[in-house]
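Spelled out, the chains give:
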Amino acid sequence: MTAPESRLPGPERSPGFLLWRVTLAWQRAMRAALAPHDLTHVQFVLLTTTWWLTRAGEPPTQRQLADQAGTDTMMTSQVVRKLADRGLLARADDPADARAKRLEVTPAGLELVAKALKDVEAADAEFFASADDGFVDALARLGP
């Protein structure tokens, strides 16, 4: 039997393991920030991304939302439907494509985005306070 070997002395020097641990801690911080708003993290991401995309142009389709957020299209559809059922998003047929739905954040959704975004950004600032200025740039380089 061959014994496992690692080029690293232990998990404390493994970038992947450290990223895993940091991600779990950050997700806990996000859940805590979003709990008072009765939003899951994915609901917040999709609601806020819809708002961002609408600010930049016409209301996005569900496909555009999924592409921007990096989420699965079926899961995006399910979450969007729940947000619409709560009155936070409006779904309308796309006049150019009968299969597509255009999304808009409702006034209730905008109010919730304003409150939740403030709390999420504060939690982010606190969580990443010890990171140096190049950290966000490094994350952007690693992302898709």
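Above this text sits the structure in question.
Attention here is on the structure that accompanies the text. Worth saying up front: this structure is predicted, and the values here are computed from it rather than measured.

### Focus on the packing of helix α3 (residues 62-69) against helix α4 (residues 73-85)
At step 1: Put simply, α3 and α4 touch, their axes get as near as 9 Å, and they point 115° apart. With respect to their mutual orientation, α3 and α4 come out roughly perpendicular. Our pair here, α3 against α4, has a crossing hand that is right-handed. Across the interface between the two elements, Gln62, Arg63, Leu65 and Ala66 from α3 touch Thr73, Thr76, Ser77 and Val80 from α4.
At step 2: Along the lines of polarity and charge, the residues of the contact of α3 with α4 split into 3 nonpolar, 4 polar and 1 charged.

### Structural notes on the layout of surface pockets
At step 1: For the largest pocket, the calculated volume is near 1000 Å³.
At step 2: Looking at the largest pocket, it is lined by 28 residues, and the ones nearest its centre are Trp26, His41, Asp124, Phe128 and Leu139.
At step 3: Mapped by element, the contributors of at least two residues to the lining of the largest pocket are α1 (15-34), α2 (41-55), α3, α5 (107-127) and α6 (135-142).
At step 4: Element by element, the count of residues in the lining of the largest pocket is highest for α2, at 7 residues.
At step 5: Residues that form the lining of the largest pocket fall into these classes: 20 nonpolar, 6 polar and 2 charged.

Conventions adopted
- Residues numbered from 1 in each chain as written.
- Predicted model: local features only at pLDDT ≥ 70, side-chain atom pairs only at ≥ 80, totals over all residues.
- Heavy atoms only, no water.
- Axes fitted to C-alpha atoms, helices over the stretch in contact; angles between N-to-C directions.
- Helix = DSSP H or I, 4+ residues; strand = E, 2+ residues; numbered from the N terminus.
- Parallel < 35°, antiparallel > 145°, perpendicular 65-115°, else oblique.
- Left-handed = near helix turned anticlockwise from the far one by under 90°.
- Contact = heavy atoms within 4.5 Å.
- Nonpolar A, V, L, I, M, F, W, Y, C, P; charged D, E, K, R; others polar.
- 1 Å grid on protein atoms, 1.4 Å probe; cavity = no way out; pocket = protein on both sides within 12 Å on 5 of 7 lines; lining within 4 Å.
- Points joined across faces, edges and corners; volume = space filled by probe spheres on them.

Interpretation note: all reported values are geometric properties and have no functional meaning in isolation.
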